[in-house]
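# Secondary and tertiary structure notes
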Amino acid sequence: MSRRFVFANAPRVDAGDMRQRALAKLNDVDQKIGQLRQIRQGLEALVDRCPGQGAGYSTNLMNKTE
């Protein structure tokens, strides 16, 4: 889905500058996605190891995912 951003009263900005800003933001988003994927993998591993019943686990296991 493509979104179009419209700034009614915004001053004009150099297209090259705007492209650099967008590329930097895209890089930030990609890094955050990578971090979230790592967290997800850790949580999946935790769920796979947890029997879901019986004695509790140390809170250190959850602290590693935070």
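Structure shown above.
Notes on the structure in this doc start here. Values in this document were obtained by computation on a predicted structure and should not be read as measured data. (Residues numbered from 1 in each chain as written. Predicted model: local features only at pLDDT ≥ 70, side-chain atom pairs only at ≥ 80, totals over all residues. Heavy atoms only, no water.)

### Here we look at a nonpolar patch on the surface
Together, Leu36, Ile39 and Leu43 line one region of the surface with nonpolar side chains, adding up to about 250 Å² of accessible area. Assessed through its relative accessible area of 55%, Leu36 is described here as exposed. (Patch = residues over 30% accessible without salt bridge, like charges linked within 9 Å, V, L, I, M, F, W, Y side chains within 5 Å. Areas by Shrake-Rupley, 256 points an atom, 1.4 Å probe, with all protein chains shown as cover. Salt bridge = Lys/Arg side-chain N within 4 Å of Asp/Glu carboxyl O. Buried < 20%, exposed > 50% of the residue type's maximum accessible area, 1.4 Å probe, protein only.)

### Some details on the pattern of salt bridges
For the structure on display, the rule yields two salt bridges. Measuring nitrogen to oxygen at the nearest pair gives 3.2 Å for the salt bridge that ties Arg21 to Asp17. Pair noted here: Arg21 and Asp17 are both in helix α1 (residues 15–49), with a separation of four residues, about one helical turn. In this structure Asp17 comes out as partly exposed when scored by relative accessible area, which is 33%. The residue Glu44 makes a salt bridge to Arg40 at a minimum N-O spacing of 2.2 Å. Here Glu44 pairs with Arg40, and both are found in helix α1, just four residues apart, close to one helical turn. Residue Glu44 is classed as partly exposed on the basis of its relative accessible area of 40%. Its relative accessible area of 52% is what places Arg40 among the exposed residues. (Helix = DSSP H or I, 4+ residues; strand = E, 2+ residues; numbered from the N terminus.)

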